[in-house]
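For reference, the chains in residue letters:
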Amino acid sequence: MRTVFADAFYWIASINPGDNWHPLVKAIAATLDQAQIVTTDEVLTEVLAFYSTCGILMRRRAVETIKSIMSNPRIQVIQQTRESFLTGFALYENRPDKGYSLTDCISMNTMHELEITEVLTHDRHFTQEGFVILFPD
């Protein structure tokens, strides 16, 4: 079974029909019906933070999407732990020349641990670590 990692980019674009990436995210989502999707608590935190100031409707959509993600058996949400923070922080510290966020570092570590090579994102930082982004330019 194909396993892909879902970055905040993917969830953010899927929530907002006005997002420029929304149509492509929906099209790619339709091709993932047999795939296992993996994400993390940290990614979901980033999604909620993004929509925290976008008004009641978008906050509500974000909350409903996160609830749906957490109850979907095809989506594995890796729990946030002290260890995930510390290993993410170590990668963050060891890449001072990169623009990686801490969440990106935690995601990259998770992908390495689970041997996932494909990521639902447009974030080129993932290619710098050898991953295949599924939303290139």
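Every chain is numbered on its own, with residues counted from 1 as its sequence reads. Under the rules for a predicted model, residues below a pLDDT of 70 receive no local features and side-chain atom pairs below 80 are neither given nor counted, while totals for whole chains, interfaces and linings still include all residues. Working from all heavy atoms in the structure, the side-chain values ignore hydrogens and water.

So, the sheet that holds strand 3 (residues 75-78)
Let me state the cut-off plainly: We call two strands paired when DSSP finds no fewer than two bridges between them. Runs of E in the DSSP output that reach at least two residues are strands. Runs of H or I that reach at least four are helices, and both are numbered from the N terminus.
Spatial strand order, 3-2-1-4-5: five strands in an open sheet with parallel pairing. In this open sheet, the two strands that pair with only one neighbour each are strand 3 and strand 5 (132-133).

Focus on the pattern of salt bridges
Let me state the cut-off plainly: Any Lys or Arg side-chain nitrogen found within 4 Å of a carboxyl oxygen on Asp or Glu counts as a salt bridge. Relative accessible area decides the class of each residue, using a 1.4 Å probe on protein chains only: under 20% of the type maximum gives buried, over 50% gives exposed, and in between gives partly exposed.
Summed over the entire model, instances satisfying the criterion amount to four salt bridges. Between Arg2 and Glu118 there is a salt bridge, and its shortest N-O distance comes to 2.8 Å. Of this pair, Arg2 sits in the segment before strand 1 (3-6) while Glu118 sits in strand 4 (residues 118-120), and the two are 116 residues apart along the sequence. A relative accessible area of 37% places Arg2 in the partly exposed class.

Overview of the environment of Ala35
For clarity, the cut-off: Contacts are assigned to residue pairs with any non-hydrogen atoms lying within 4.5 Å of each other.
If you trace the backbone, Ala35 turns up in the loop between helix 2 (22-30) and strand 2 (36-40). Along the backbone, Ala35 and Arg2 are 33 residues apart, and their C-alpha atoms lie at a distance of 4.9 Å. With near-sequence residues (within four places) excluded, Ala35 lies in contact with Met1, Arg2 and Arg74.

Let's talk about the layout of surface pockets
Any empty space left between the atoms is revealed when a probe the size of a water molecule rolls over them. Put simply, the test is: The pocket and cavity definitions rest on a 1 Å grid over protein atoms only: a 1.4 Å probe that fits but cannot leave marks a cavity, an open set with protein on both sides within 12 Å along at least five of seven lines marks a pocket, and residues lining either have an atom within 4 Å of a point. Grid points are joined across faces, edges and corners, and a volume is the space filled by probe spheres set on the points. Each residue is assigned to one of three groups, with Ala, Val, Leu, Ile, Met, Phe, Trp, Tyr, Cys and Pro labelled nonpolar, Asp, Glu, Lys and Arg labelled charged, and all others, Gly among them, labelled polar.
What the largest pocket holds in volume is close to 280 Å³. For the largest pocket, the lining is made up of 15 residues, of which Tyr10, Trp11, Ser14, Lys26 and Ile75 are closest to its centre. For the lining of the largest pocket, the secondary structure elements donating two or more residues are helix 1 (8-15), helix 2 and helix 4 (56-71). Among the elements that take part in the lining of the largest pocket, helix 1 stands out by supplying four residues, more than any other. Looking at side-chain class alone, the lining of the largest pocket contains nine nonpolar, four polar and two charged residues.

With respect to the side chain of Ser14
Keep this limit in mind: Counted as a polar contact is a pair of N or O atoms within 3.5 Å, where, for protein atoms, one must be capable of donating a hydrogen and the other of accepting one, and residues adjacent in sequence contribute only when both atoms are in side chains.
Mapped onto the secondary structure, Ser14 falls in helix 1. Polar side-chain contacts of Ser14 include one of 2.8 Å to the backbone oxygen of Trp11. The residues touching Ser14, leaving out its near neighbours within four places in the chain, are His22, Val25 and Lys26.

Considering the pairing of strand 1
Pairing of strand 1 with strand 2 involves three bridges; the strand directions are parallel. Bridge pairing in strand 2 places Val4 opposite Ile37. As paired elements, strand 1 and strand 4 share three bridges and run parallel to each other. Directly across from Val4, in strand 4, lies its bridge partner Glu118.

Points about the side chain of Glu42
The cut-off we apply is this: Think of it this way: Lys and Arg go in the positive column, Asp and Glu in the negative one, and His and the chain ends go nowhere.
With respect to the secondary-structure elements, Glu42 resides in helix 3 (residues 41-51). Buried within the structure, Glu42 lacks any salt-bridge partner; Arg82 is the closest side chain of opposite charge, at an N-O distance of 11 Å. Leave out the neighbours within four places in its chain, and Glu42 touches Ile78, Gln80, Thr81, Ser84, Thr103 and Ile106.

So, to be careful, I would describe these as geometric facts and stop short of saying anything about function.
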